[in-house]
Amino acid sequence: MYANRVLSGMRPTGKLHLGHYHGVLKNWVQLQHEHECLFFVADWHALTTLYDSPQMIQEHIQEMVVDWLAAGVDPALSTVFVQSQVPEHAELHLLLSMFTPLGWLERIPTYKDQQEKLGEKDLSTYGFLGYPLLQSADILIYRANLVPVGEDQVPHIEFTREIARRFNHLYGREPGFEQKAEAAAKKLGNKKARLYDELRTRYQEQGDDEALEAARALLNEQQSLSMGDRERLFGYLEGSGKMILTEPQALLTVASRLPGLDGQKMSKSYHNTIALRDAPEDVSKKIRTMPTDPARVRRTDAGTPEKCPVWALHQVYSDDAVRQWVHDSCSQAKIGCLECKQPVVDAVLAELAPMQERAAYYHETPSLIRNLIDDGCEKARELARDTMRDVRQAMGLHFD
Ligand code: TRP
Ligand code: SF4
């Protein structure tokens, strides 16, 4: 049993590159050893902006999963699935939409930003406005409490927390809630029930966050509580209704941002990427033809590493000794740029080699990928179904 559940998704928009690896995937690979992890292909999200090119999305789904596995996402540790294969996401999205104020969606910064950035495309659609809510459904349906995202996505997680809170407030107020919560507390046993009450009082009367954390930890340790009682005790603790949906936290990726070949952010639209599956010859060539400090016209011209995108790569790929060597030799014109680039070429190739080996293995056996995605979807559906049962019940939509 893990205490935390991590969920994250990525849009299938093309071949993944080292920017994705250093910014996102490396972090996922690490997390899967620490927490229960669910990673999914956000194909519906891709449709919110690429609704006119669905065939592209289809092609990219399996390829992206190959890239994930190549990067080290381990299907034995993590659940990997495709969003559209778990239709419960759409059902939850619909139900959440009933009480989501339009203003909350309009005020999310990515809404206006993206509309301006993708100006040539008509994004005044219902789906595009609602896409953060779809993201909320993605998260809430698994009761995930940790969501690794980049900085630009933090407002989406904040919004998701507000949605969860509003849901619990609207639908967690069952008749006799207080009495039921008190009765649930008694089931913890005398000592723990007293501790729970004490911590709850400290939190509610003095806003003591440590008491809140301690009480949550106490509840998390209780294996024998029924789901209903758990929801009551978590909700009672914070003074809301039953805590049917869990408020997630953003896990801000301390992304080592990898600059692209020209020093700008590595991005497909800037044509400055090294793809995870670029052939080694191409990788060498890309690095060897990278621009350098323009002051170094001849080998005898001294350079300033800080003005050179190769230097930025040395920050990621080289140790202190190599960096010292680069800095001294560049500023005193003791080496040529190709010589300087060689350690970066070697390091990138060494980083990519095991990835490409894994990718080749999966690429040769497409049925493996297929089966692994199918298994992941099945697991995800089971978790999603569980939450939907509670959600339907809370919203008066149960017919059994
Ligand atoms: N919106 C994210 C993006 O565009 C992808 C995404 C969709 C996601 N659902 C998610 C990320 C849930 C984290 C959790 O990059
Ligand atoms: Fe850049 Fe290295 Fe050439 Fe200096 S020697 S300009 S750091 S590539």
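What you are looking at is a predicted structure, and each value in this text was computed from that prediction instead of being measured.

**What about the overall build of the chain?**
Across its full length, the chain holds 18 helices and five strands. Each principal axis of the C-alpha distribution contributes one length, and for the chain these read about 85 × 45 × 40 Å. Burial status across the chain gives 48% buried among its 400 residues. At a minimum sequence separation of 6, the contacts of the chain that also span at least 24 residues come to 76%. Working note: accessible area of the chain is about 20000 Å², and carbon and sulfur atoms make up 52% of it. Distance between charge centres in the chain, computed from 46 positive and 57 negative side chains, equals 1 Å.

**A few points about the packing of helix H2 (residues 43-50) against helix H8 (residues 131-140)**
Packing of H2 against H8 leaves a shortest axis separation of 10 Å and a crossing angle of 180°. One element, H2, and the other, H8, form an angle in the roughly antiparallel class. Across the interface between the two elements, Trp 44, His 45 and Thr 48 of H2 pack against Tyr 131, Leu 134, Gln 135 and Asp 138 of H8. Class assignment of the residues belonging to the contact of H2 with H8 gives a composition of three nonpolar, three polar and one charged.

**Re the site of ligand 2**
The immediate surroundings of ligand 2 are formed by Thr 292, Asp 293, Arg 296, Cys 308, Val 310, Val 326, Cys 330, Cys 337 and Cys 340. Counting only elements with at least two residues in the shell around ligand 2, the list comes to helix H16 (320-331) and helix H17 (337-364). In terms of residue class, the shell around ligand 2 is built from six nonpolar, one polar and two charged.

**Things to note about the pattern of salt bridges**
Tallying each qualifying case throughout the model produces 24 salt bridges. Residue Glu 247 pairs with Arg 165 through a salt bridge whose shortest N-O separation is 3.2 Å. Taken together, the positions of Glu 247 in the loop between helix H13 (227-238) and strand S5 (249-252) and Arg 165 in helix H9 (residues 154-171) put the pair 82 residues apart, joining distant regions of the chain. Of the charged contacts, one joins Lys 286 and Asp 278 as a salt bridge, the two residues approaching to 2.7 Å between their closest N and O atoms. On the accessibility criterion, Asp 278 (10% relative accessible area) is buried. Shared partners join several salt bridges into a network, and the residues in it are Arg 143, Glu 174, Lys 180, Lys 187, Asp 229, Glu 231, Arg 232, Lys 242 and Asp 390.

**A short note on the pairing of strand S4 (residues 146-149)**
Side chains Leu 146 and Pro 148 project from S4 onto one buried face, and the interleaved Val 147 and Val 149 project onto a second face that is buried too. One ladder, built from four bridges, connects S4 with S5; its direction is parallel. Bridging across to S5, Leu 146 finds its partner in Gln 249.

**Notes on the site of ligand 1**
Surveying the vicinity of ligand 1 reveals the residues Ser 8, Gly 9, Arg 11, Phe 40, His 45, Tyr 131, Gln 135, Asp 138, Ile 139, Val 147 and Gln 153. Here a nitrogen atom of ligand 1 sits 3.1 Å away from a polar atom, N or O, in the side chain of Gln 135. Here Asp 138 contributes a side-chain N or O atom positioned 2.8 Å from a nitrogen atom of ligand 1. Notes on ligand 1: free accessible area 360 Å², of which the protein chains cover 88%. Those elements giving two or more residues to the shell around ligand 1 turn out to be strand S1 (5-10) and H8.

**Focus on the state of the cysteines**
Tallied over the entire structure, the rule returns zero disulfides. As a non-bridged cysteine, Cys 37 has Cys 377 as the owner of its nearest cysteine sulfur, 17 Å distant.

**A few points about the domain arrangement of the chain**
Partitioning the chain into structural domains gives domain 1 (5-172 + 247-257 + 365-394), domain 2 (177-237) and domain 3 (277-363). On a C-alpha basis, the centres of domain 2 and domain 3 stand 56 Å from each other.

**Points about the packing of aromatic side chains**
Applying the stated criterion to the full structure yields 12 aromatic pairs. Here the aromatic residues Trp 28, Phe 39 and Trp 68 are joined through ring pairs into a cluster of three or more. The positively charged end of Arg 11 is found above the aromatic ring belonging to Tyr 131, 4.9 Å away from the centroid.

**Focus: the side chain of Glu 247**
Among the polar contacts made by the side chain of Glu 247, one reaches the side chain of Arg 161 at a distance of 3.4 Å. At a separation of 3.2 Å, a polar atom in the side chain of Glu 247 contacts the side chain of Arg 165. Those residues in contact with Glu 247 that sit more than four places away from it in its chain are Arg 161, Ala 164 and Arg 165.

**Structural notes on the packing of H8 against H9**
Where H8 meets H9, the closest approach of the two axes is 9 Å, and the angle between their N-to-C directions is 70°. Judged by the angle between their axes, H8 and H9 are roughly perpendicular. Pair H8 / H9 crosses with right-handed handedness. For the pair H8 and H9, the contacting residues are Tyr 131, Pro 132, Leu 133, Gln 135, Ser 136, Ile 139 and Leu 140 in the first and His 156, Ile 157, Phe 159, Thr 160, Ile 163 and Ala 164 in the second. Grouping the constituent residues of the contact of H8 with H9 by class yields nine nonpolar, four polar and no charged.

Analysis parameters
- Residues numbered from 1 in each chain as written.
- Chains lettered and ligands numbered in written order.
- Predicted model: local features only at pLDDT ≥ 70, side-chain atom pairs only at ≥ 80, totals over all residues.
- Heavy atoms only, no water.
- Helix = DSSP H or I, 4+ residues; strand = E, 2+ residues; numbered from the N terminus.
- Buried < 20%, exposed > 50% of the residue type's maximum accessible area, 1.4 Å probe, protein only.
- Contact = heavy atoms within 4.5 Å.
- Areas by Shrake-Rupley, 256 points an atom, 1.4 Å probe, with all protein chains shown as cover.
- Lys, Arg positive; Asp, Glu negative; His and termini not counted.
- Charge placed at Lys NZ, Arg CZ, Asp CG, Glu CD.
- Axes fitted to C-alpha atoms, helices over the stretch in contact; angles between N-to-C directions.
- Parallel < 35°, antiparallel > 145°, perpendicular 65-115°, else oblique.
- Nonpolar A, V, L, I, M, F, W, Y, C, P; charged D, E, K, R; others polar.
- Near = heavy atom within 4 Å.
- Salt bridge = Lys/Arg side-chain N within 4 Å of Asp/Glu carboxyl O.
- Pairing = 2+ DSSP bridges.
- Polar contact = N/O pair within 3.5 Å; in protein donor to acceptor, adjacent residues only side chain to side chain.
- Disulfide = S-S within 2.5 Å.
- Domains from an automatic or database assignment.
- Phe/Tyr/Trp six-rings, centres within 6.5 Å; stacked < 30°, edge-to-face > 60°.
- Lys NZ or Arg CZ within 6 Å of the ring centre and 35° of its normal.
- Left-handed = near helix turned anticlockwise from the far one by under 90°.

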